Protein chains: 2
Amino acid sequence: MEEKNNKQIILKEYIDRAPLATDLELIVENKINLNVAKGSSSILVKNLYLSCDPYMRARMRENYNSYLPPFVPGKPIEGLGISKVIASDVPDFQPGDIVTGFTGWEEYSLIENTKNLRKIQQDDDIPLSYHIGLLGMPGFTAYAGFYEVCSPKKGDRVFVSAASGAVGQIVGQLAKLHGCFVVGSAGTKEKVDLLTRKLGFDDAFNYKEEKDLDATLKRYFPEGIDIYFENVGGAMLDAVLLNMRIHGRIAVCGMVSQHSYHDTEGTHNLFVMISKRIRMQGFLQSDYLHLYPEFSQVVCEYYKQGKIVYIEDMTDGLENAPSALAGLFTGKNVGKQVVCVSSEA
Amino acid sequence: MEEKNNKQIILKEYIDRAPLATDLELIVENKINLNVAKGSSSILVKNLYLSCDPYMRARMRENYNSYLPPFVPGKPIEGLGISKVIASDVPDFQPGDIVTGFTGWEEYSLIENTKNLRKIQQDDDIPLSYHIGLLGMPGFTAYAGFYEVCSPKKGDRVFVSAASGAVGQIVGQLAKLHGCFVVGSAGTKEKVDLLTRKLGFDDAFNYKEEKDLDATLKRYFPEGIDIYFENVGGAMLDAVLLNMRIHGRIAVCGMVSQHSYHDTEGTHNLFVMISKRIRMQGFLQSDYLHLYPEFSQVVCEYYKQGKIVYIEDMTDGLENAPSALAGLFTGKNVGKQVVCVSSEA
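Nothing here was measured: the structure is a model prediction, and the numbers come from that model.

## Topic: the overall build of chain A
So, point 1. In terms of regular secondary structure, chain A is built from eight helices and 17 strands.
So, point 2. Its C-alpha radius of gyration of 21 Å places chain A within 12% of the 20 Å reference for a compact globule of 345 residues.
So, point 3. Referenced to the eigenvectors of the C-alpha coordinate spread, the extents of chain A come out at roughly 70 × 45 × 35 Å.
So, point 4. Taking all 345 residues of chain A together, the buried fraction comes to 50%.
So, point 5. Sequence-distant contacts in chain A: of pairs separated by 6 or more residues, those separated by 24 or more amount to 67%.

## Topic: the interface of chain A and chain B
So, point 1. Every contact between the two is made by 31 residues of chain A and, on the other side, 31 residues of chain B.
So, point 2. Those elements that place two or more of their residues in the side of chain A that touches chain B are helix H6 (272-275) and strand E15 (279-282) of chain A.
So, point 3. Classifying every residue of the side of chain A that touches chain B gives 13 nonpolar, twelve polar and six charged.
So, point 4. As paired strands, E15 of chain A and strand E15 (residues 279-282) of chain B are joined by three bridges and run antiparallel to one another. Counted as the bridge partner of Gln 281 of chain A is Arg 279 of chain B from E15 of chain B.

## Some remarks on the environment of Val 339 of chain B
All names here are of chain B.
So, point 1. For Val 339, the location among the structural elements is in strand E17 (residues 336-340).
So, point 2. Accessibility expressed as a C-beta count within 10 Å gives 29 for Val 339, which makes it buried.
So, point 3. C-alpha of Val 339 to C-alpha of Leu 128: the two residues are 211 residues apart in sequence and 13 Å apart in space.
So, point 4. With residues up to four places along the chain from it excluded, the contact list for Val 339 reads Tyr 49, Leu 50, Cys 52, Thr 315, Leu 318, Asn 320, Ala 321 and Ala 324.

## A look at helix H4 (residues 189-197) of chain B
Residues and elements named next belong to chain B.
So, point 1. By the burial criterion, the buried members of H4 are Lys 191, Val 192, Leu 194 and Leu 195. Seen from one end, H4 has its buried residues packed into an arc of 155 degrees, which puts them on one side. Residues of H4 that are exposed and point more than 90 degrees away from the buried face comprise Lys 189, Glu 190 and Arg 197.

## Here we look at the relation of the copies chain A and chain B
So, point 1. When chain A is fitted onto chain B, the two copies agree to an RMSD of 0.1 Å after a turn of 180 degrees and an axial shift of 0.0 Å. With respect to symmetry, the two chain copies, as superposed, fit the operation of a two-fold axis.
So, point 2. The residues that chain A uses at the interface reappear at the interface of chain B in 100% of cases, marking a shared surface.

## A look at helix H5 (residues 213-220) of chain B
Residues and elements named next belong to chain B.
So, point 1. Turning to H5, its buried residues are Leu 213, Thr 216 and Leu 217. The buried residues of H5 occupy an angular sector of 95 degrees when projected down its axis, which confines them to one face.
So, point 2. Check the buried side of H5 and you find it contacts strand E12 (203-206), strand E13 (225-230) and helix H6 (235-243).

## As for the domain arrangement of chain A
All names here are of chain A.
So, point 1. Taken domain by domain, chain A consists of domain 1 (3-133 + 311-340) and domain 2 (137-286).
So, point 2. On a C-alpha basis, the centroid separation for the pair domain 1 and domain 2 is 29 Å.
So, point 3. At the interface, 14 residues of domain 1 touch 16 residues of domain 2.
So, point 4. A class-by-class count of the residues in the side of domain 1 that touches domain 2 yields eight nonpolar, three polar and three charged.

## Overview of the confidence of the model for chain A
So, point 1. Looking at chain A as a whole, its pLDDT mean stands at 95, while 97% of the residues score no less than 70.
So, point 2. Among the prediction metrics, the complex's ipTM stands at 0.94, with pTM recorded as 0.95.

## Let's talk about the nonpolar core
So, point 1. One finds Phe 229, Val 240 and Val 339 of chain A together with Phe 229, Val 240 and Val 339 of chain B to be the most contacted residues of the largest nonpolar core, which totals 176 residues.
So, point 2. The residues contacting Phe 229 of chain B, other than those within four sequence positions of it, are Gly 145, Phe 146, Cys 150, Val 158, Val 160, Gly 168, Val 171, Ala 251 and Cys 253 of chain B.

## Remarks on unusual backbone geometry
Residue and element names in this part refer to chain B.
So, point 1. Notably, Ser 151 is not glycine yet its phi reads approximately 45 degrees, a positive angle.
So, point 2. As for its placement among the helices and strands, Ser 151 is situated in the loop between helix H2 (137-149) and strand E10 (157-160).
So, point 3. In this structure, His 247 is a non-glycine residue whose phi angle is positive, near 65 degrees.
So, point 4. Mapped onto the elements, His 247 comes out in strand E14 (residues 244-252).
So, point 5. By C-beta crowding, His 247 is classed as partly exposed, having 13 other C-beta atoms within 10 Å.

## Brief notes about the sheet that holds strand E11 (residues 181-186) of chain A
So, point 1. With mixed pairing, the twelve strands of this open sheet are ordered in space as E12(A)-E11(A)-E10(A)-E13(A)-E14(A)-E15(A)-E15(B)-E14(B)-E13(B)-E10(B)-E11(B)-E12(B). Single-partner strands in this sheet number two, and they are strand E12 (203-206) of chain A together with E12 of chain B. Sheet twist, expressed as the average angle between the axes of neighbouring strands with direction ignored, equals 15 degrees.
So, point 2. When E13 of chain B meets E14 of chain B, the two strands line up parallel, connected through five bridges. For Glu 230 of chain B, the partnering residue across the bridge sits in E14 of chain B and is Val 252 of chain B.

## Description of the packing of helix H1 (residues 137-149) of chain A against helix H2 (residues 168-177) of chain A
Residue and element names in this part refer to chain A.
So, point 1. In contact at an axis separation of 8 Å, H1 and H2 are set at 45 degrees when each is read in the N-to-C sense. When the axes of H1 and H2 are compared, the pair comes out oblique. As for how H1 packs across H2, the hand of that crossing is right-handed. Listed contacts from H2 to Gly 139, Ala 142, Tyr 143, Gly 145 and Phe 146 of H1 are Ile 170, Val 171, Leu 174 and Ala 175.

## Some details on the environment of Phe 201 of chain B
Residues and elements named next belong to chain B.
So, point 1. Within the fold, Phe 201 resides in the loop between H4 and E12.
So, point 2. Here the alpha-carbon distance between Phe 201 and Gly 136, two residues 65 residues apart in the chain, equals 22 Å.
So, point 3. Sequence-distant contacts of Phe 201, defined by excluding residues within four places in its chain, comprise Ala 163, Gly 172, Val 182, Val 183, Gly 184, Leu 195 and Thr 196.

So, how was this worked out
- Residues numbered from 1 in each chain as written.
- Chains lettered and ligands numbered in written order.
- Predicted model: local features only at pLDDT ≥ 70, side-chain atom pairs only at ≥ 80, totals over all residues.
- Helix = DSSP H or I, 4+ residues; strand = E, 2+ residues; numbered from the N terminus.
- Rg over C-alpha atoms; globule rule 2.2 N^0.38 Å.
- Buried ≥ 20, exposed ≤ 12 C-beta atoms within 10 Å, placed from the backbone.
- Contact = placed C-beta atoms within 7 Å.
- Nonpolar A, V, L, I, M, F, W, Y, C, P; charged D, E, K, R; others polar.
- Pairing = 2+ DSSP bridges.
- Arc of directions from axis to C-beta.
- Least-squares fit on C-alpha atoms with pLDDT ≥ 70 in both.
- Domains from an automatic or database assignment.
- pLDDT = per-residue confidence, 0-100.
- Core = buried A, V, L, I, M, F, W, Y, C linked by C-beta atoms within 7 Å.
- Axes fitted to C-alpha atoms, helices over the stretch in contact; angles between N-to-C directions.
- Parallel < 35°, antiparallel > 145°, perpendicular 65-115°, else oblique.
- Left-handed = near helix turned anticlockwise from the far one by under 90°.

Next comes the structure, spelled out in structure tokens:
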């Protein structure tokens, strides 16, 4: 029975505010058996890349009665990742296979429910970590949200907040490929430059430098906004509502500025939804999984043709994962935040 | 040239709060020529019934850049009404015809744009005033909003606020006819009794007697709300958001509790739209006018078959119109608020 040391990242206790790195703890001394028992229908994986996603904040809350259960304090947290199979009692997965799906924030994980794991066909042209970014949940969120929720038309004026983030950067590029006019907001000059110079947005601004977001949006959208891809909530949503065009659509993907279910600031301009006939639609990518094969094919092709690029923020080492996750909520990450646990695939 | 005295209700000045009766003024001495000039393409009408509707508040604001222009201070306000043609320079309308459409809040009106006027075929079984209620804009708002915006299914759990109002009472009855479970809220015991005893709602409550609307809704909807027909905004919307079911729909018809575009209180629970995939859709009946003939036929039949009833609050006399309009915003009206200017059709 081969035993290995298995570093883990555990949740200390539930929170109801923005996560801090100190809400998580690195457990250094911890053993794991690298074999799987016959009849267990489990696999044992070595984790390579872990995805840091804003939705994980919700699982750090105690009273989170939603589509995923809360994390358990004292246990390693989990998230989407890319892992290598070490041992398997499941015929579909063989040692050496690379898989993506939910895994623990630790070096090695025993995965008992392999139903939602997907095998990755490695492709020299596509970085492995992109399978939790461009080609994973964030990319598919952008794809499903833009095409299925935003009802885009050529020429539509599209605004994306948190536009250089894991999802926003893809929404903007898909919108450009669809023939839309696209402006993004972000929180640093570096991100704003990326949006216009690397990601092909028509324009971009640093919301932190704008005193009056209503006036800012009027400057970038003198004729108003047809589609708002909502990633932040709060004051930006209020300003957007005032600048929406008649029959505008708001896809509510995330509200990263809202650190609690109860937004103390509040949204004050919902009234305009009536006269402007605005549709505001919350969504989860998991409702659109039937489109995943189409997405995967389309976006792979776009990427290989150089029509889409993807910006990752890669943090090395499991010990740095807590600050990488917390950084999402202060905007520290530039692009999709990934933690590399081991590059030895 | 026949001249008549023509009492009018004028707007004194723009407001940005709930309308008061004193924001309007009765002008007693005012003459009107009861003939229309040849070539003017106008008609001269005697006004019979005037409709008091919450949307009129928005036209009392100066900076109201929406689907209808603001009223002009010092001039009579206008609204939907039922009128008798006295003189006409339009072939489609003859003296004696009864018409409905926008008219002035005055005894007689010269209507220069007759494009949106509709002739009413009188029917002994249907009170004339119902053409600005059950069979007019409020009824059609309920019909279009319920069938086109709420995506109702048999068995859906439907919540209607301002449920005894001009629109709400029809939404609830249509929902019952559709096989839904329907609960309404209103602001007096009398209205709550009407909802359950006369309008066929499954249940109803007086929101003014509830200290914790979230708990109240959990009591009436232990399994959550599929459809919320939003007429009030504010704290009720926040409580509803917490009680919506996954894939729930919110049709935003009005927000009568919000007396300004800027809701100082704010909505705080929009975050749940994501995990619950809630669709919130503002709408105006005018986008669905192609359905008007179908609506008219269906609702007339329902009414004649006794499947739908309609509650009106009839105020007699133009001089009482200002307080009738203001009463909408304090919940004084019981049912659809109408002003009878003259019953002599």
